[in-house]
Every structure is written in C-alpha cells, then in structure tokens.
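Each chain, written out:
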Amino acid sequence: MSFDYDLFVIGGGSGGVRAARVAAQAGARVALAEEDRYGGTCVQRGCVPKKLMVFASEYPGYIEDAKAYGWDATLGDFNWDAFKSKLHAELDRLEGVYRNILGNNGVQTFDARAKLADPHTVELSDGSRKTAKHILLAMGGWPVLPDIKGAELGITSNDVFHLDALPETMLILGGGYIACEFACILNGLGVNVTQYYRGAQILRGFDEEARGLVSEEMQQNGIDLHLGTNILEMAQDGDKIRVKATNGTERVFDKVMFATGRRPNTADMGLEELGVKLGRYGEVLVDEYSQTNIPSIYAVGDVTDRVNLTPVAIREGMAFVETVFKGNPTPVDHDLIPTAIFTQPEMGTIGMSEEEARDRGPIEVYATSFKPMRESFAGRAQRVLMKLVVCADTRRVLGCHIVAPGAGEMIQLAGIAVKMGATKEDFDRTVAVHPTMSEEIVTMREPVRTA
Ligand code: NDP
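Residues numbered from 1 in each chain as written. Predicted model: local features only at pLDDT ≥ 70, side-chain atom pairs only at ≥ 80, totals over all residues. Heavy atoms only, no water.

### Quick look at the overall build of the chain
1) Next: Counting its regular elements, the chain contains 13 helices and 23 strands.
2) Next: Since a compact globule built from 451 residues should have a radius of gyration of about 22 Å, the 24 Å found for the chain is in line with a globular shape.
3) Next: Out of the 451 residues belonging to the chain, those deemed buried represent 51%.
4) Next: Within the chain, counting contacts between residues at least 6 apart in sequence, those at least 24 apart form 63% of the total. (Helix = DSSP H or I, 4+ residues; strand = E, 2+ residues; numbered from the N terminus. Rg over C-alpha atoms; globule rule 2.2 N^0.38 Å. Buried < 20%, exposed > 50% of the residue type's maximum accessible area, 1.4 Å probe, protein only. Contact = heavy atoms within 4.5 Å.)

Take a look at the structure:
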C-alpha cells in the first residue's frame, strides 16, 4: 500500500517538530499539522515567555543590590506594554524559526487542525485527508480549570502573556511549578500576589526541606501564601472578582489565575473511535518506544503525560525516530531527570527527595543552608540550600537539591555526575571552585542526618 507520507505528525510543539525534522533528515517523507502557533506550549505559552518574564521580574532586586554595592541607582516604572510587545515580537521570531526548521528540512506543513480518520489517515480541518505509514500524536496539553462556581472568571498561565495591563492584586490558585513561578514573577513585577494552595506545603513531591525553603523565601519576598486553603466560589464584583475561600475569608482581587494542572489535548481527535487506549485523564497510553496499542500510531510529549517537560518531549521524539526510521529500537530513559523551578529563589533538583530515599533503604543526608556572599553583602536575608541524599550502602548520590539563585544552571551540571552514578566520595574528591555558592556541594564532610 502506498501512503502520501512516511510520517504525519499532529502538533508543532517541541516533541512534534523535533521528531518531524529528524525523521525528514533520515530520508522520510514527513508532514506536520499545527492548528495554532508553531513552537507549542514551551515557545508560545510556557518556558520561553515565562523565563523572559522571570528576567524582567528580577530587576527591582538588582537595583536594590546595586544601591547596596554603592551605585546611585533608582528603580523607575515597569512598562508592561513595552515589555509585552517585545516579548511577542520574540515569540513571532521563534515561531518563524520553527517554521523554517520544518521547511528547510522538507517537512510539509499544514496550518490546520488534524484528527484521526483511521490508523493510517488524518483528516484536516479543511476536509482533506492525508495518509501516512506512521502517525505521531504530539498535541501537548492544556490548563484545566477546577470545578468551582465562577471559575470562568479566572485566567490561566496562557492568558498572562496577553494581559492588557498588570493587575494591582492577583490571586493564584495552586502549588505546583506554574503557580509558584508566576507568584514570584508577578510579585517581582509589582503585583500584589496572594497564593492559595490546598495542601500543607507547596511543590508537592519535591524534597521537603527544599520546598520549605522556597516557600519561606517566597513569603519573605512579599507573597501572601495561604496553605491549606482553596477557593469555594467566585463572583464578579464590579470590575473585580470576589473570592470566598475555605479559610472563611471573602476577598476581592483584580484577577484570579488558576494553575491547577494541565490535561492532555486528546478530546475530539478521533482517538476513542479508533480504539487508541487512553488513561484516566485522557493521556495517550504508550509503551517504552512511545507506541500506542495501534501499531502505526505513536505519541510523544505532554499528550502522553509521562514527564511533562520540553527536553523530555524532545528526547521522546528523537527516540521515536531512532526506533521507527533508523532501525534502532530506543526506549526512552525517564530516570534521573534534572529539572528547575524558576521561583525566586530557584530550585534545581535531580533524583530522590530525602523522604523518597528514606523509604527505600538507609541513607545519609548532607545539607547546608547559608546566606550567600553576594546577597549577604547587599543586606538581603535570603538563604540558599545545598543538599545531597546519599545511599549508605553504595555511597551513590541518590538526590541533589539546590535552592539558590542560578540553581537551574547548577543542577544541569551536578546532574551529569548524579546520572553517571557518582558517589559521595566522587563529589568529595572534586576540588571546590572558590568563592562560589556551589562549592558547598563538594565540601560537606559530615552528614546532618542518617535515616
Ligand atoms: P501541577 O500538576 O504541578 O500542579 C497543579 C497544582 O494545582 C497542584 O498544586 C494541585 O494541588 C493544584 N490543584 C489541582 N487541582 C486543584 C483543584 N481542583 N483545586 C485546587 N487546587 C488544585 O501543574 P502545573 O499546572 O503547575 O504544571 C503542569 C506541568 O507543567 C508540571 O507538572 C510540569 O511538568 C510542567 N512545568 C514545568 C516547568 C519547569 O520545568 N520549570 C514550569 C511549568 C510547568 P495538589 O498538589 O494538592 O494536587
């Protein structure tokens, strides 16, 4: 049977674009459909614009530090409109880069929604049909709103980049990556931020000591964080939103942002009709080669809800191409993934939390918390944390957790050692780089705890 293409990719985000490009470079005839903007969540609504906003939000702190270091510096007003137009110009440029990557590699693109018609056919929103030997689902995910009365009055992280003006007051609901990052960003930009989280501590699943410090620092930076608190209901009140909370309060905010998780984009894609197996939250179920239960259909990235991070989606896309187009079956390695949370201060982490490791066997915990030189000189109260969780038997470093300015950069490098299986003694025999914050990671001699 002859097909129009060897591969049809649905979704032009990180995973889909990488898979399409690499497959085309391997000689496959490839097409890709994207109904929205190329670049997907990471480039258009996530990592990239978020990180640019993180940078923007850090300047007030730099001005304060500059004064402490003897500079005659004053903080003027933040011009949201100026920043926003520059931000969107940058996203337009990046979209162009993504389109060019595809075009230059001979991938045919369709600016259309695509859904499955049969195991080898997609139907585009203009009604045309295309056949392919393999179909790759890479539609990503989308924020979900909780089932709360008045929830439609709230916004999500998708909308933050398009606000007409920065609000004076904002309530953020949630305690995950997105809630905490945006609480810090908006606080830095001068918004009066309140955050409600239903659990006992933000950033559930991460090392307790590390998330405790992030939480403390966020509050010290002025974020009004309420733990054990959820929204009961919301209602319009003039041009503001009145929020009743489970802690018995009723408060009014200019904006309410939900950061209450994301769900895979699998609705109305023809998946159920074809019998593609989906999980409880609509995620496409795949094996270690990203193959679904229908042999011609594969899926990568957030649509599979494995580890929802851009570099992971990219790896899944590459492993798919190795497996299907290069005859080299490559399972995706989801073990020991370093990651960063761009709160202020940042958290960088890889491997097991102390709590997780403790449940698996005897461990030693090495940790130090201190005021870094730069911030301390500037009179900031900020503390940082360097922490290693070590297996008492094998001496391997099972987890590394850093809360510090630049922790994202640090954990990328420490992550190599941890991924290689470095022992505590390997860390110890590495000479410190002095004076830095991260030198502490190789100079901690005595465990603070054993468990
Ligand atoms: P998360 O799943 O991390 O967090 C969702 C938060 O919302 C949790 O705190 C959860 O509480 C809370 N929540 C869920 N449902 C409700 C509800 N009905 N009422 C009140 N609170 C609720 O999702 P995010 O949206 O923060 O992020 C999505 C994914 O995006 C992340 O998992 C991550 O993979 C990725 N991401 C990565 C980033 C990075 O690498 N820096 C940055 C941003 C996103 P509870 O803990 O109790 O379940």
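Having seen the structure, we can now continue with the description.
### Looking at the layout of surface pockets
1) Next: Its boundaries defined by the atoms lining it, the second largest pocket holds a volume of some 1000 Å³.
2) Next: Lining the second largest pocket are 41 residues, with Tyr 62, Glu 375, Arg 380, Gln 382 and Pro 405 positioned closest to its centre.
3) Next: Looking at the lining of the second largest pocket element by element, the count peaks at 10 residues for helix α3 (residues 47-68). (1 Å grid on protein atoms, 1.4 Å probe; cavity = no way out; pocket = protein on both sides within 12 Å on 5 of 7 lines; lining within 4 Å. Points joined across faces, edges and corners; volume = space filled by probe spheres on them.)

### A look at the environment of Asp 237
1) Next: As for its placement among the helices and strands, Asp 237 is situated in strand β12 (residues 231-237).
2) Next: Overall, Asp 237 belongs to the partly exposed group, its relative accessible area being 30%.
3) Next: Along the sequence, Asp 237 and Phe 253 sit 16 residues apart, while their C-alpha atoms lie 9.3 Å from each other.
4) Next: Setting aside residues up to four positions removed in sequence, Asp 237 forms contacts with Arg 242 and Val 252.

### Side note on the sheet that holds strand β18 (residues 339-341)
1) Next: Ordered in space as β18-β19-β22-β21-β20-β23, the six strands form an open sheet in which the pairing is antiparallel. Single-partner strands in this sheet number two, and they are β18 and β23 (449-450).
2) Next: Note: strand β21 (residues 384-391) against strand β22 (residues 397-403), six bridges, orientation antiparallel. Each bridged residue has a counterpart across the sheet, and for Leu 385 the counterpart in β22 is Val 403. (Pairing = 2+ DSSP bridges.)

### Topic: the site of the ligand
1) Next: Around the ligand sit 22 residues, and of these Gly 175, Tyr 197, Arg 204, Asn 308 and Ala 340 come closest.
2) Next: A distance of 3.3 Å is found between a nitrogen atom of the ligand and a side-chain nitrogen or oxygen belonging to Asn 230.
3) Next: About the coverage of the ligand: the protein hides 76% of its 910 Å² of free accessible area.
4) Next: Elements represented by at least two residues in the shell around the ligand include exactly α6 (177-188) and β18.
5) Next: Top element by residues in the shell around the ligand is α6. It accounts for three residues.
6) Next: Here the residues of the shell around the ligand sort into nine nonpolar, eight polar and five charged. (Near = heavy atom within 4 Å. Polar contact = N/O pair within 3.5 Å; in protein donor to acceptor, adjacent residues only side chain to side chain. Areas by Shrake-Rupley, 256 points an atom, 1.4 Å probe, with all protein chains shown as cover. Nonpolar A, V, L, I, M, F, W, Y, C, P; charged D, E, K, R; others polar.)

### With respect to helix α4 (residues 80-104)
1) Next: For α4, spanning 25 residues, the distance from its first C-alpha to its last is 35 Å, which sits close to the expected 36 Å at 1.5 Å a residue.
2) Next: Within the sequence span of α4, burial applies to Trp 80, Phe 83, Lys 84, Leu 87, His 88, Leu 91, Leu 94, Glu 95, Tyr 98 and Leu 102.
3) Next: Against α1 (14-25), β2 (30-33), α2 (40-45), α3, β3 (108-110) and α5 (157-160) lie the buried residues of α4.
4) Next: Near the N-terminus of α4, the side chain that reaches the backbone nitrogen of Asp 81, with its oxygen 3.2 Å away, is that of Asn 79.
5) Next: Gly 106 occupies a position one or two residues after α4 and carries a positive phi of about 80°. (Expected span 1.5 Å × (residues − 1).)

### Observations concerning the pairing of strand β1 (residues 5-10)
Consecutive side chains along a regular strand alternate between the two faces of the sheet.
1) Next: With six of its six residues buried, β1 lies for the most part within the structure.
2) Next: As judged from the five bridges shared by β1 and strand β6 (residues 129-137), these two strands associate in the parallel manner. Pairing of Val 9 across the sheet is with Leu 136, part of β6.
3) Next: In this structure, β1 lies alongside β2, joined through four bridges in parallel fashion. Of the residues in β2, the one forming a bridge with Val 9 is Leu 32.

### A closer look at the nonpolar core
Within soluble globular proteins, side chains that are nonpolar generally end up buried alongside one another.
1) Next: Core analysis: the largest hydrophobic core is formed by 41 residues, its most contacted members being Met 53, Ile 172 and Phe 182.
2) Next: Breaking this core down by element, the ones donating at least two residues are α3, α4, β9 (169-173), α6, β10 (192-197), α7 (208-220) and β18.
3) Next: Among the elements that take part in this core, α6 stands out by supplying seven residues, more than any other.
4) Next: If near-sequence neighbours (up to four positions away) are discounted, Ile 172 is found in contact with Ala 179, Phe 182, Ala 183, Leu 186, Val 193, Thr 194, Gln 195, Tyr 196 and Met 257. (Core = buried A, V, L, I, M, F, W, Y, C linked by side-chain atoms within 4.5 Å.)

### Re the UniProt feature "active site" (unreviewed entry) in the chain
1) Next: Following the UniProt record, the feature "active site" (unreviewed entry) maps to His 434 here.
2) Next: Take His 434: its relative accessible area is 65%, and that puts it in the exposed class.
3) Next: Among the polar contacts listed, one links the side chain of His 434 to the side chain of Glu 439, at a separation of 2.9 Å. (UniProt positions renumbered as here; feature names shortened; annotations may be inferred.)

### Topic: the side chain of His 401
1) Next: By the element assignment, His 401 lies in strand β22.
2) Next: Given a relative accessible area of 1%, His 401 falls into the buried group.
3) Next: A distance of 2.8 Å separates a polar atom in the side chain of His 401 from the backbone oxygen of Met 352.

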